[in-house]
Amino acid sequence: RKEVEQDPGPFNVPEGATVAFNCTYSNSASQSFFWYRQDCRKEPKLLMSVYSSGNEDGRFTAQLNRASQYISLLIRDSKLSDSATYLCVVTQTGFQKLVFGTGTRLLVSP
Amino acid sequence: GAGVSQSPSNKVTEKGKDVELRCDPISGHTALYWYRQSLGQGLEFLIYFQGNSAPDKSGLPSDRFSAERTGGSVSTLTIQRTQQEDSAVYLCASSIREADTQYFGPGTRLTVL
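Here's what I pulled together on the structure shown here.

The rules behind these values
Residues numbered from 1 in each chain as written. Chains lettered and ligands numbered in written order. Predicted model: local features only at pLDDT ≥ 70, side-chain atom pairs only at ≥ 80, totals over all residues. Heavy atoms only, no water. Helix = DSSP H or I, 4+ residues; strand = E, 2+ residues; numbered from the N terminus. Rg over C-alpha atoms; globule rule 2.2 N^0.38 Å. Contact = heavy atoms within 4.5 Å. Areas by Shrake-Rupley, 256 points an atom, 1.4 Å probe, with all protein chains shown as cover. Lys, Arg positive; Asp, Glu negative; His and termini not counted. Charge placed at Lys NZ, Arg CZ, Asp CG, Glu CD. Pairing = 2+ DSSP bridges. Axes fitted to C-alpha atoms, helices over the stretch in contact; angles between N-to-C directions. Salt bridge = Lys/Arg side-chain N within 4 Å of Asp/Glu carboxyl O. Buried < 20%, exposed > 50% of the residue type's maximum accessible area, 1.4 Å probe, protein only. Core = buried A, V, L, I, M, F, W, Y, C linked by side-chain atoms within 4.5 Å.

**Remarks on the overall build of chain B**
Scanning chain B from terminus to terminus reveals zero helices and 11 strands. Starting at the N terminus and walking to the C terminus, you meet the elements of chain B as β-β-β-β-β-β-β-β-β-β-β. Against the globule reference of 13 Å for 113 residues, chain B gives a C-alpha radius of gyration of 13 Å, in line with a compact fold. When the backbone C-alpha atoms are referred to their principal axes, chain B occupies close to 35 × 25 × 25 Å. In chain B, of all internal contacts separated by at least 6 residues, the share reaching a separation of at least 24 is 54%. Carbon together with sulfur atoms contributes 45% to the accessible area of chain B, which is approximately 5400 Å² in total. Seen as two clouds, the 11 positive and the 12 negative side-chain charges of chain B have centres 3 Å apart.

Following this line, the structure appears as structure tokens:
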């Protein structure tokens with residue numbers, strides 16, 4: 001079983017739609033959580049960190065449920081430019097490596 | 001400012017050859033990481049440097065893989081006797097210090113024929 005699991009998608013949504021991605025992680029020692037965005041043939045870029053209390057950045061909202069070991073990302077009012085692969089990432093205390101899920105692909109159409 | 005740079009951007013080699021991949025981190029970043037991304041596998045951690053030392057080499061897949069970092073800056077990832085399964089995108093990241101946000105370079109796409 002992979003340490004971080006995501007639905008690979010693709011999620012096909014029209015512009016303006018709201019879309020949600022979930023991710024589960026298996027290591028209960030995981031301490032830090034992130035969503036990265038990766039465009040085709042480009043490097044991953046940090047989208048947002050995920051905090052226990054949940055956090056919002058514009059149209060993006062991230063939630064963490066430690067008891068169930070899952071992380072979510074909600075995108076409101078989808079834009080064409082949101083089309084990308086969204087990577088769920090975790091780390092553990094004292095460990096510096098990022099552990100990536102395989103990503104969820106989002107396609108936003110006009 | 002300048003981001004993480006990697007060279008070459010693309011490398012095609014024959015099975016059995018050695019290759020060297022280079023990473024220039026963001027100036028002033030003390031931590032440097034190597035990852036690889038294979039088709040359908042996602043990104044996997046290879047090795048981490050703090051300064052010139054490598055506290056975590058746990059992700060190196062075999063003894064054909066090695067990496068070094070000199071002067072607390074540039075790092076080289078060397079793959080000896082390349083195999084077809086080594087074909088992947090090799091990504092380097094750096095952070096200003098341990099546990100801070102990692103910024104990725106554009107990667108080196110390695111193809112082993």
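Picking up after the structure, the text goes on.
**With respect to the pairing of strand β6 (residues 53–56) of chain B**
A regular strand places its side chains so that they alternate between the two faces of the sheet. All names here are of chain B. Where strand β5 (residues 42–50) meets β6, two bridges bridge the pair, whose relative direction is antiparallel. Paired with Tyr48 across the bridge in β6 is Asp56. The hairpin formed by β5 and β6 contains two residues between the paired strands, and Gly51 there has a positive phi angle of roughly 65°.

**Structural notes on the environment of Leu110 of chain B**
All names here are of chain B. You can see Leu110 is positioned in strand β11 (residues 108–112). Expressed as a C-alpha distance, the spacing of Leu110 and Thr13, which sit 97 residues apart in the sequence, is 7.7 Å. Discounting chain neighbours no more than four positions away, the residues touching Leu110 are Lys11, Thr13, Val19, Ile79, Asp86, Ser87, Ala88 and Tyr90.

**What about the sheet that holds strand β6 (residues 55–57) of chain A?**
Residue and element names in this part refer to chain A. Across the sheet, five strands lie side by side as β1-β3-β8-β7-β6; this open sheet has antiparallel pairing. For this open sheet the edge positions go to β1 (4–6) and β6, each flanked by a neighbour on one side alone. The mean inter-strand angle of the sheet, taken between neighbouring strand axes irrespective of direction, is 20°. Note that β6 and strand β7 (residues 60–65) share three bridges and pair antiparallel.

**Notes on the sheet that holds strand β3 (residues 19–24) of chain B**
Residue and element names in this part refer to chain B. The four strands lie next to each other as β1-β3-β8-β7, forming an open sheet whose pairing is antiparallel. Two strands close off the open sheet at either side, each with one partner strand: β1 (5–7) and β7 (65–69). The sheet shows a mean angle of 15° between the axes of neighbouring strands, direction not considered. Where β3 meets strand β8 (residues 75–79), five bridges bridge the pair, whose relative direction is antiparallel. Within β8, the residue paired with Val19 across the bridge is Ile79.

**Side note on the pattern of salt bridges**
Residues and elements named next belong to chain A. As enumerated under the stated definition, the model contains eight salt bridges over all chains in all. Residue Arg37 is joined to Asp39 by a salt bridge in which the shortest nitrogen-to-oxygen separation is 2.8 Å. With a relative accessible area of 30%, Asp39 lands in the partly exposed category.

**Regarding the side chain of Ser95 of chain B**
Here Ser95 of chain B shows up in strand β9 (residues 88–95). Looking at Ser95 of chain B, the relative accessible area reads 0%, which means it is buried.

**Here we look at the nonpolar core**
Counting 24 residues, the largest nonpolar core has Phe21, Trp35, Ile71, Leu73, Ile75, Tyr86 and Leu106 of chain A as the members making the most contacts within it. Counting residues per element, the ones that place at least two in this core are β3 (19–25), β4 (30–38), β5 (45–50), β7, β8 (70–75), β9 (84–92) and β11 (104–109) of chain A. Once you skip the residues sitting within four places of it in the chain, Leu73 of chain A turns out to touch Val19, Ala20, Phe21, Trp35, Leu47, Met48, Phe60, Thr61 and Tyr86 of chain A. Core analysis: the next-biggest nonpolar cluster, separate from the first, contains 19 residues, Val19, Leu32, Cys92 and Val112 of chain B among them.

These figures come from the coordinates and say nothing about function on their own.
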